[in-house]
Amino acid sequence: MNNEVLLDAVRHNNWATKQLIEFCRVQEFTPEQLEVTGVGTYGGILATLDHIVRCDGSYVRRLAQQELDFVDSEEPADFDNLERWNEQCRLVWEDVLSKPIEVERVVIIDDNTRGTRAGIFIAQALNHANHHREQVNAILTGFGIEPPDTQAWEYAWHTGRIWDLDQPS
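All of these numbers come straight from a predicted model, not from anything done at the bench.

Visitor: Explain the pattern of salt bridges to me, please; I cannot follow it from the model alone.
Guide: A side chain with one charge may pair with a side chain of the opposite charge, provided their charged atoms come close. For the structure on display, the rule yields twelve salt bridges. With a shortest N-O distance of 2.6 Å, Arg11 and Glu94 are connected by a salt bridge. Of this pair, Arg11 sits in helix α1 (residues 4–26) while Glu94 sits in helix α4 (residues 79–97), and the two are 83 residues apart along the sequence. For Arg11, a relative accessible area of 33% gives the class partly exposed. We classify Glu94 as partly exposed; its relative accessible area is 23%.

So this is what it looks like as structure tokens:
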């Protein structure tokens with residue numbers, strides 16, 4: 001498969017979103033806390049997590065050329081839905097990456113007003129989620145809460161993709 005180099009990046013992206021959703025769930029924030037924003041953020045915690053997951057679904061469904069019903073639904077975002085939707089995204093990404101991706105394929109975006117190449121589209125999907133996760137982290141920090149470590153290094157430790165080398169005696 002020629003997409004193997006993307007597996008770690010895409011899996012990390014999904015894992016990091018999942019970690020942040022789970023972390024925020026166990027904080028037991030009040031509805032008011034979930035709506036607190038920060039300077040330069042998309043919105044409150046729940047709105048931003050919803051934005052991350054729905055956009056990820058929007059990106060991957062266009063690459064897969066299949067629908068993900070939650071993307072355009074009016075179903076409210078809560079932690080249960082976000083976890084379920086994020087898992088749906090993970091499964092579709094895995095399917096997309098299991099087949100050849102034509103990096104020069106044109107993907108139509110912005111209400112059918114622009115075209116971009118699939119390679120750029122994938123880069124945008126990963127950058128977008130990371131950007132907004134950092135906004136949620138900023139809100140958490142504003143509450144005096146240390147956000148979870150969702151860096152690629154932490155993902156690598158979690159999945160065995162990094163290890164300590166034996167040191168000579």
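Having seen it, we continue.
Visitor: Where do I start with α1 in this structure?
Guide: Every α-helix carries 3.6 residues per turn, so stepping three or four residues along brings you back to the same face. The end-to-end C-alpha distance of α1 is 34 Å, a good match for the 33 Å that 23 residues give at a rise of 1.5 Å each. Those residues of α1 that are buried lie in contact with α3 (45–64), α4, α5 (118–142) and α6 (152–159). Downstream of α1 by a residue or two, Glu28 has a phi angle that is positive, lying close to 50°.

Visitor: So what exactly am I meant to see when it comes to the pairing of strand β1 (residues 106–109) here?
Guide: Side-chain direction in a regular strand flips from residue to residue, so the side chains alternate between the two faces of the sheet. Side chains Val107 and Ile109 of β1 all project onto a buried face; the interleaved residues Val106 and Ile108 project onto a face where none is buried. Sheet topology note: the β1/strand β2 (residues 114–117) ladder contains four bridges and is antiparallel. Residue pairing for β2: Val107 is matched across the bridge by Thr116. The hairpin formed by β1 and β2 contains four residues between the paired strands, and Asp110 there has a positive phi angle of roughly 50°.

Conventions used here
Residues numbered from 1 in each chain as written. Predicted model: local features only at pLDDT ≥ 70, side-chain atom pairs only at ≥ 80, totals over all residues. Heavy atoms only, no water. Salt bridge = Lys/Arg side-chain N within 4 Å of Asp/Glu carboxyl O. Helix = DSSP H or I, 4+ residues; strand = E, 2+ residues; numbered from the N terminus. Buried < 20%, exposed > 50% of the residue type's maximum accessible area, 1.4 Å probe, protein only. Expected span 1.5 Å × (residues − 1). Contact = heavy atoms within 4.5 Å. Pairing = 2+ DSSP bridges.

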